[in-house]
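# Report on the structure
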Amino acid sequence: MNFPEKHRIKSGYPMFEIRTPFHKKPLTIIATNGLGWDHVSVSLPTRCPNWEEMCMVKALFWSDEEAVMQLHPPKSDHVNNHPYCLHLLKPQLFHIPLPDSLMVGLKGLEIKL
């Protein structure tokens, strides 16, 4: 996992702020790695980050060829400390298994944003 130092709020803290073209307020980001995981939380004060914002954050912390996931755990394991926060996770010790791309669409018909 890369740490975009120019966006770090304070030296030594795992907190970053990134302005986006989608919202006037910056995304607040906390990035940590430990317990076998790379983890980035992304939040805004009044709404959840959207797909484009999450893609932008993913690109700042990981390479284009790394798979990173948002996870929906079992309800009994769910924790919500912020109503407008989403998380990106990547295991450090193994690759995330991926389904065949046919499960989500046909290659060559992608929409470029």
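A quick note: this is a predicted structure, and the numbers were derived from the prediction, not measured. (Residues numbered from 1 in each chain as written. Predicted model: local features only at pLDDT ≥ 70, side-chain atom pairs only at ≥ 80, totals over all residues. Heavy atoms only, no water.)

From N to C terminus, the chain includes one helix and four strands. Principal-axis analysis of the C-alpha atoms gives the chain an extent of 45 × 35 × 30 Å. Here the chain holds 113 residues, and 27% of them are scored as buried. Partitioning the contacts of the chain with sequence separation of at least 6, the portion at a separation of at least 24 is 52%. As displayed, the chain has an accessible area near 8500 Å², and 59% of this comes from carbon and sulfur atoms. (Helix = DSSP H or I, 4+ residues; strand = E, 2+ residues; numbered from the N terminus. Buried < 20%, exposed > 50% of the residue type's maximum accessible area, 1.4 Å probe, protein only. Contact = heavy atoms within 4.5 Å. Areas by Shrake-Rupley, 256 points an atom, 1.4 Å probe, with all protein chains shown as cover.)

Applying the stated rule across the entire model yields zero disulfides. With no disulfide of its own, Cys 48 has Cys 85 as its nearest cysteine by sulfur position, at a separation of 8.0 Å. Assessed through its relative accessible area of 31%, Cys 48 is described here as partly exposed. For Cys 85, a relative accessible area of 18% puts it in the buried group. (Disulfide = S-S within 2.5 Å.)

Another point: the pairing of strand S4 (residues 85–91). Here S4 lies mainly inside the structure; five of its seven residues are buried. Where strand S3 (residues 37–43) and S4 come together, seven bridges link them in antiparallel fashion. In the strand pairing of S4, Asp 38 is matched with Lys 90. (Pairing = 2+ DSSP bridges.)

Moving on, we get to helix H1 (residues 51–61). Every α-helix winds through 3.6 residues per turn, so residues three or four apart in the chain are directed the same way. For H1, the full list of buried residues reads Glu 53, Met 54, Val 57, Lys 58 and Phe 61. Buried positions in H1, seen along its axis, are confined to an arc of 140 degrees and lie on one side of it. Of the surrounding elements, those touching the buried residues of H1 are strand S1 (15–20), strand S2 (23–34), S3 and S4. Sitting at the head of H1, Asn 50 places a side-chain oxygen 3.1 Å from the backbone nitrogen of Glu 52. (Arc of directions from axis to C-beta. Polar contact = N/O pair within 3.5 Å; in protein donor to acceptor, adjacent residues only side chain to side chain.)

Let us look at the sheet that holds S1. Strand order in this open sheet of four strands is S1-S2-S3-S4, and the pairing throughout is antiparallel. Two strands bound the open sheet, and with one partner strand each, they are S1 and S4. When the angles between neighbouring strand axes are averaged without regard to direction, this sheet yields 20 degrees. (Axes fitted to C-alpha atoms, helices over the stretch in contact; angles between N-to-C directions.)

A word on the layout of surface pockets. By rolling a water-sized probe across the atoms, one finds the places where empty space is left. Volume-wise, the largest pocket comes out at about 1100 Å³. Considering the residues around the largest pocket, the lining is formed by 26 residues, among which Trp 51, Cys 55, Val 68, Leu 98 and Val 104 are closest to the centre. Across the lining of the largest pocket, the residue classes break down as 15 nonpolar, four polar and seven charged. Of the pockets and cavities examined, the second largest pocket occupies roughly 560 Å³. What lines the second largest pocket is a set of 17 residues, among which Leu 71, Pro 73, His 78, Val 79 and His 87 lie closest to the centre. No other element matches S4, which puts four residues into the lining of the second largest pocket. (1 Å grid on protein atoms, 1.4 Å probe; cavity = no way out; pocket = protein on both sides within 12 Å on 5 of 7 lines; lining within 4 Å. Points joined across faces, edges and corners; volume = space filled by probe spheres on them. Nonpolar A, V, L, I, M, F, W, Y, C, P; charged D, E, K, R; others polar.)

These figures capture arrangement, not role.
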